[in-house]
Amino acid sequence: MTKFDKPGKKQGDYHDWAKEAILKAFEDAKVSMCKIEQATAGYVYGDSTCGQRAIYEVGMTGIPIHNVNNNCATGSTALYLAKQFIEGGLNDCVLAVGFEKMERGSLTNKFIDRTNPIDKHIISMRKLVEIFDAPLASQVLGNAGIEHMRKYGTKPEHFAKIAYKNHKHSVNNPYSQFRDEYTMDQILNSQYIYGPLTKLQCCPTSDGAGAAVLASERFVRSHGLEAQAVEIVAMEMATDLRTTFTERSLMKIAGYDMTKTAAQRAYAKAGVGPDDVQVVELHDYFSTNELITYEALGLCPPGKAGEYIDRGDNTYGGKHVVNPSGGLISKGHPLGATGLAQCAELCWQLRGLAEVRQVPNVKYALQHNFGLGGAVVVAVYKLGFPDHYNRSDNLRKIKNAIEELGSKL
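Right, let's walk through the structure included here. The residue numbers shown here count from 1 along each chain, following its written sequence. Since the coordinates come from a predicted model, pLDDT governs what is reported: local features require at least 70, and pairs of side-chain atoms require 80 or more to be given and counted, while whole-chain, interface and lining totals use all residues. Each side-chain value is derived from all of the structure's non-hydrogen atoms; neither hydrogens nor water enter the calculation.

1. Details of unusual backbone geometry
Then step 1. Omega for the bond connecting Gly-373 with Gly-374 falls within 30 degrees of zero, at 5 degrees, which places this linkage in the cis form.
Then step 2. Helix and strand definitions follow DSSP, with helices as H or I runs of at least four residues and strands as E runs of at least two, each counted in order from the N terminus. By secondary structure assignment, the location of Gly-374 is in the loop between β10 (365-371) and β11 (375-383).
Then step 3. Located in the positive-phi region is Asn-71, a residue other than glycine, with phi close to 55 degrees.
Then step 4. Note on placement: Asn-71 falls in the loop between β2 (65-68) and α3 (74-87).
Then step 5. Residue Asn-323 is not a glycine yet carries a positive backbone phi of 60 degrees.

Written out as structure tokens, the structure is:
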């Protein structure tokens, strides 16, 4: 992945950033463009065939390129489709790339002459609460937080603690758009947005790109890549259910049931549960969404997110480390790239390459990427060949020890 930056600050254009991310993925996977049989390209803001323009930067081999747009879940949707090509036996090696070149400020509609794709969500919300002059996404997620407060006694400080954690985590991430640590008072007293949300509890718009190379087990073995391969044990996508609009719940309008459904399917397919997971990259485009998603993912029981936060179970030393990257709140949120950036972080964590933000003893990693409108992708990752990785890691440690000893002599 590239470093994420504030719109207008990053040099180059979307195809330059995609090229950087793809070449890094190729280097890591020890492949070149000639090995890629199909590609998926995720972006939200751009004309048709931006995916071709981006991928042509690294080679023009005539392969199928599929352009993907699924709101904030676009990056993981590109990843999901690439995985299906492999899993269905169509290909042995597929590229997934996501990128975004965004405008500064809150997101706005680009097409005002047609039906807004989230009109059902807004109509359902309007039946329950008044609509104000604030960004619609902040109202949807702010209202979800308000409902959680009324139902379970959650306090504004719980949402602020999530932002405090994510800003603190971001200090150790060189790819993060923001790397500043804030006090609770600074977070609570930053610019008011809506409901319990202040500016430092909302993600920024961003420019950047991410990429991943997906391969079959046959390809991995034939190319000797076992020592670094990460397996996507399960990846499930869900869209809105009828309950989103029929149960008069602001949390469900914000995607609670959708996430819960995808998570349950992913756990069942992987044969694990939330207690087996050590690290999570979770779609925290607002702190309120992170809190309600703890419960939807089963990281804690319904209504217990406040206690989960107060115990420190969402950070280092707790039950799970959620968003060691800093999450969207600090790392940034270039819509098409976010899902692939989450994938990169979890792969680094599993391979022990996350440096100072490394979570100890990671066996299973969990990804959650959400798009209002709606789509959510939940995935479970683990090392594909842990025995090979351990041997490789031991050899690396021996080599480093010999080099260190030699320098001392």
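2. Some thoughts on the sheet that holds β2
Then step 1. We treat two strands as partners when DSSP finds at least two bridges between them. Ordered by their spatial adjacency, 4 strands build an open sheet running β2-β1-β3-β6, and the pairing between neighbours is mixed. If you trace the sheet from one side to the other, it starts and ends with β2 and β6 (208-215), each paired once. The average angle at which neighbouring strand axes cross in this sheet is 15 degrees, direction not considered.
Then step 2. Examined bridge by bridge, strand β3 (residues 93-100) and β6 share 8 bridges and lie antiparallel to one another. For helices, the axis comes from a line fit to the C-alpha atoms of the stretch in contact; other axes are also lines fit to C-alpha atoms, and the angle between any two N-to-C directions lies between 0 and 180 degrees.

3. Description of the environment of Leu-353
Then step 1. Locating Leu-353 in the fold gives a position in the loop between α15 (335-350) and β10.
Then step 2. Distance from Leu-353 to Ala-29, taken between C-alpha atoms, is 15 Å for residues 324 residues apart in sequence.
Then step 3. Here, two residues are considered to be in contact whenever any of their heavy atoms come within 4.5 Å of each other. Those residues in contact with Leu-353 that sit more than four places away from it in its chain are Trp-348 and Gln-358.

4. Let's talk about the environment of Tyr-164
Then step 1. Inspection of the secondary structure puts Tyr-164 in helix α6 (residues 156-170).
Then step 2. Classification of residues uses two cut-offs on accessible area relative to the type maximum, computed with a 1.4 Å probe and protein chains only: under 20% is buried, over 50% is exposed, and between them is partly exposed. Residue classification places Tyr-164 among the partly exposed positions, given a relative accessible area of 29%.
Then step 3. Put simply, Tyr-164 and Ala-229 are 65 residues apart on the chain and 33 Å apart in space, counted from C-alpha to C-alpha.
Then step 4. Ignoring sequence-local partners within four residues, the contact set of Tyr-164 consists of Glu-181, Tyr-182, Thr-183, Met-184 and Ile-187.

5. A short note on the nonpolar core
Then step 1. Put simply, buried Ala, Val, Leu, Ile, Met, Phe, Trp, Tyr and Cys residues joined by side-chain atoms within 4.5 Å make one nonpolar core. If you look at the biggest cluster of nonpolar residues, it comprises 49 residues, and the most contacted ones within it are Val-140, Tyr-294, Leu-297, Leu-299, Leu-366 and Val-378.
Then step 2. At 7 residues, the largest contribution of residues to this core is made by helix α11 (residues 256-270).
Then step 3. With near-sequence residues (within four places) excluded, Leu-297 lies in contact with Thr-259, Ala-263, Tyr-267, Pro-274, Leu-282, Leu-366, His-368 and Val-378.
Then step 4. One finds Tyr-14, Val-31, Val-97 and Ala-229 within the second-largest nonpolar core, a separate group that totals 31 residues.

6. A word on the sheet that holds β10
Then step 1. Read from one edge to the other, the open sheet built from 5 strands follows the order β7-β11-β10-β8-β9, with strand pairing classed as mixed. Sheet topology places β7 (230-238) and β9 (321-322) at the edges, where each strand pairs with a single neighbour.
Then step 2. As judged from the 8 bridges shared by β7 and β11, these two strands associate in the antiparallel manner. Its bridge partner lying in β11, Glu-231 is registered against Lys-382.
Then step 3. Contacts between α15 and the sheet are confined to β7, β8 (279-281), β10 and β11, with β10 contributing the most and set at about 175 degrees to the helix.

7. With respect to the side chain of Asn-314
Then step 1. Mapped onto the elements, Asn-314 comes out in the loop between α13 (305-310) and β9.
Then step 2. Look past the residues within four positions of Asn-314 in its chain and what remains in contact with it is Ile-162, Lys-165, His-169, Tyr-294, Tyr-308, Ile-309, His-320, Val-321 and Val-322.

8. Comments concerning a positive patch on the surface
Then step 1. Residues with no salt bridge and a relative accessible area higher than 30% make up the patches, which join like charges within 9 Å and nonpolar side chains (Val, Leu, Ile, Met, Phe, Trp, Tyr) within 5 Å. In these tables, accessible area is a Shrake-Rupley quantity obtained with a 1.4 Å probe, and a residue counts as shielded only by the protein chains included in the view. Here, a salt bridge means any side-chain nitrogen of Lys or Arg that lies within 4 Å of a carboxyl oxygen of Asp or Glu. Counting rule applied: Lys, Arg positive; Asp, Glu negative; His and chain ends not counted. All charge positions are set by atom: Lys at NZ, Arg at CZ, Asp at CG, Glu at CD. On the surface, Lys-6, Lys-9, Arg-104 and Lys-199 cluster together into a patch of positive charge.
Then step 2. Inspection of the secondary structure puts Lys-6 in the segment before α1 (14-29).
Then step 3. The class of Lys-6 is partly exposed, set by a relative accessible area of 40%.

9. Comments concerning α6
Then step 1. To estimate the expected span of a helix, count its residues, drop one, and scale the result by 1.5 Å. Compared with the 21 Å implied by 1.5 Å per residue over 15 residues, the 22 Å span of α6 between its first and last C-alpha is a close match.
Then step 2. For α6, the full list of buried residues reads His-158, Phe-159, Ala-160, Ile-162, Ala-163, Lys-165, Asn-166, His-167, His-169 and Ser-170.
Then step 3. Looking at the buried residues of α6, the elements they touch are α5 (136-152), α7 (184-188), α12 (287-296), α13, β9 and α14 (327-331).

10. What about the pairing of strand β1 (residues 38-42)?
Then step 1. When you tally the buried positions in β1, you get 5 out of 5 residues, the bulk of the element.
Then step 2. Residue alternation in β1 divides its side chains into two sets, Gln-38, Thr-40 and Gly-42 and Ala-39 and Ala-41, and both sets are buried.
Then step 3. Alignment of β1 against β3, held across 5 bridges, turns out to be parallel. In the strand pairing of β3, Gln-38 is matched with Val-94.
Then step 4. Sheet topology places β1 next to β2; 4 bridges connect them, and they run parallel. Residue Ala-39 lies in a different strand from β2, and its bridge partner there is Ile-65.
Then step 5. Handedness of a crossover: with both strands directed away from the viewer, a clockwise path from the first strand across the helix to the second marks it as right-handed. Note on the crossover from β1 through helix α2 (residues 50-55) to β2: the handedness is right-handed.

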